[in-house]
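Given next are the chains, with one letter for each unit.
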Amino acid sequence: MTDLDLDKLRREWFAAFIGDLLPRSEVPSVRPDLGEPELARSLLCARVAMLDGRGYRASEIGALLIGSHLFSTPYPEQQDLDKLIKAVRWRTRFSGRFSLLNGALLPLAPDDVYLYLLEHWAAERSRTLTPGQIQRELTQFWGVKDTRMLQVLSSLPADPLKDYRNLFNRLKSEPDIHARNLAAGSLTHQTAVRAADLWFDRLCWNPNAIQHLFEIGDDLVRSRAAERLLSNTLAGMSLDSALASTVSRALSFVRDHLEAVAGTLEGLSAFERDLIRERTADEQFQDGCLKAYLGWADSSFSGFSENDTARGVWGPLPWWSLATKDEQQREAAAGLLVRRGANLSVDASVPDILDLRITAPGLGSSGLDAHYSYALKHLPDICELLLLARRGRVNIDILGESEADEWDQSEVLLYGTLVIELDGEVVSELALRATRALRALLPPARADDLHPGEENIHLAKILQTAGYSMPEQGRFEAL
């Protein structure tokens, strides 16, 4: 194995990533003192997508952006920001349902994209600024206020892979030829090969498009397998002193390398660390199902247009509506928006049906119909449930109606968007039930062959050929 320039590969990957995010319409110019212009403009778009994906209205987003003083002159007007928000919303709603970089990645939530770009921007700023200066810019220009997040972002290195070497190349400096050959042999042992193959098979991304992570991940998985093999050999076999010393020296070298890799991983973004980790068989299966489901979209869907309680998907996000019919219900819904303390409860008492209900103090007496049902034998329902578990959050538009006019016509009103963060137990239960239901519906051969990287995924074929219809597209569409 030869060392590639992983730092260069990482820069090339990131340039392609941000190029895939920018809308084709004009993006207002960002202050030139905020670093590389295209990165800053991409971060601006990602922030708009994050705020929009959390239900902020265009006027609220515009006020936050203008108040951050990140634009260069001439400053954009609200109408310019409205155009930007619409362009970003279009990409999130339609392009966001598909994989980035021609299928290299599963569709990402806007929050994840924004955090990744923040990490990269902060790391680049570390070339010229102190951690304190980076933290002040993160707060002023990009709205980051969490103390722990500021500390993490301001401590990221600009070039975490600059001095990275895989274990094979590190072994070249080992003077003990016997320990060197033993460590190298453990990396090509069948247990290490199987571990690397399993890691590769369960990837949720295309290694050809993210080569720096593939090289690190393959090295990491093989090195862990080598450590287990050498450790078991040393503990479980009767060795003479010379051979035991050689095994011990090889094991020490491998462990030193793993410690160095752990330090390198800390310098990568949280997004990259999540991509590189070893995934379970269930996660692989879920990734394939979600990719098939989100890739199966019709751009003609419209948002909620009636004052109804309904569930749906908007872009890559679960997005529901909650209808209010009278003043008591409107007051209860307003309380949800103000307190922001609502939760979701899970009711599986009816066979093959999963009911999710919004729970909050005082909500039950209002008469609000705040429950959403999923049929566990209907593929789109199960996939939507799996997406809800993967995102760990749902946005709910609180709707109402205006007074009827002289022609007895009324207008649907959006009072606000409630964001409910699901607790860990609910996420685990939804993922477990959705995965079991999908495995029960998909024939075993198809389930076993469901790999995220394949062009023709069996689930997509089933959805298309069985004539299933997508649920009503979520979100009340109004700027």
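Here the focus is the sheet that holds strand E3 (residues 343-347). If you walk across this open sheet you meet the three strands as E3-E4-E5, and the pairing is antiparallel. At either end of the open sheet lies a strand with only one pairing partner, and these are E3 and strand E5 (371-375). Geometrically, the sheet is characterised by an average inter-axis angle of 25° between neighbouring strands, direction not taken into account. Here E3 runs beside strand E4 (residues 353-359); their pairing, made up of five bridges, is antiparallel. From the neighbouring strand, Ser345 faces E4, where its bridge partner is Arg357. Helix H16 (residues 379-391) rests against E4 and E5 of the sheet, and its axis sits at about 125° to E5. Across the face of the sheet, helix H17 (residues 424-441) comes into contact with E3 and E4 while running at roughly 40° to E3.

Look at helix H1 (residues 6-21) against helix H2 (residues 37-53): their axes get within 9 Å of each other, and the N-to-C directions meet at 45°. Here H2 runs oblique to H1, going by the angle between their axes. Crossing angle aside, the handedness with which H1 passes H2 is left-handed. On the side of H1, the interface is formed by Phe14, Ile18 and Gly19, while H2 contributes Glu38, Leu39 and Ser42. When grouped by side-chain class, the residues that make up the contact of H1 with H2 number three nonpolar, two polar and one charged.

Turning to the packing of H2 against helix H3 (residues 58-67), a few remarks are in order. For the pair H2 and H3, interaxial distance at closest approach is 10 Å and the crossing angle is 140°. By crossing handedness, the relation of H2 to H3 is classed as right-handed. Touching Leu44, Arg47, Val48, Leu51 and Asp52 of H2 are Ile61, Leu64 and Leu65, all from H3. For the contact of H2 with H3, the per-class residue count stands at six nonpolar, no polar and two charged.

Glancing now at the layout of surface pockets. Taking a probe equal in size to a water molecule and rolling it over the atoms shows the remaining empty space. Quantified by volume, the largest pocket comes out at close to 760 Å³. Taken together, 33 residues form the lining of the largest pocket, with Leu108, Asp112, Asp274, Arg390 and Arg391 sitting closest to its centre. Within the residue set of the lining of the largest pocket, elements represented by two or more residues are helix H5 (110-125), helix H13 (270-276), helix H14 (281-295), H16 and H17. Partitioning the lining of the largest pocket into residue classes produces 19 nonpolar, one polar and 13 charged.

Next up on the list: unusual backbone geometry. Along the chain, Thr73 connects to Pro74 via a cis peptide bond; the corresponding omega equals -5°. One can find Pro74 in the loop between H3 and helix H4 (78-93). Non-glycine residue His69 carries a positive phi angle of around 60°. Even without being a glycine, Asp352 presents a positive backbone phi close to 65°. Summarising the element assignment, Asp352 is placed in the loop between E3 and E4. Given the relative accessible area of 39%, Asp352 is considered partly exposed.

What counts, and at which threshold
One numbering rule holds for all chains: residues counted from 1, following each sequence as written. Reporting in this predicted model follows two pLDDT cut-offs: at least 70 for local features of residues, and 80 or more for side-chain atom pairs to be given and counted; totals over whole chains, interfaces and linings ignore these cut-offs and use all residues. To obtain the side-chain values, all non-hydrogen atoms of the structure were used and water was disregarded. Any two strands with at least two DSSP bridges between them are considered paired. Here a helix means four or more residues in a row that DSSP labels H or I, a strand means two or more in a row labelled E, and each is numbered from the N terminus. Orientation is described by lines fitted to C-alpha atoms, with helices fitted over the stretch in contact, and by angles between N-to-C directions that extend from 0 to 180 degrees. We call two residues in contact when some of their heavy atoms are within 4.5 Å. With respect to orientation, any angle under 35 degrees is reported as roughly parallel, any angle over 145 as roughly antiparallel, any angle of 65 to 115 as roughly perpendicular, and every other angle as oblique. If you view the pair so one helix is near and one far, a crossing is left-handed when the near helix is turned anticlockwise from the far one by less than a right angle, and right-handed when it is turned clockwise. Gly falls in the polar group here, along with every residue not listed as nonpolar (Ala, Val, Leu, Ile, Met, Phe, Trp, Tyr, Cys, Pro) or charged (Asp, Glu, Lys, Arg). Both site types are read off a 1 Å grid over the protein atoms alone. A 1.4 Å probe that fits but cannot get out defines a cavity, while an open set with protein on both sides within 12 Å along at least five of seven lines defines a pocket; lining residues have an atom within 4 Å of a point. Grid points are joined across faces, edges and corners, and a volume is the space filled by probe spheres set on the points. Remark: exposure states derive from per-residue accessible area (1.4 Å probe, protein chains only) relative to the maximum for the residue type, with buried under 20%, exposed over 50%, and partly exposed in between.

Worth remembering: the numbers are spatial, not functional.
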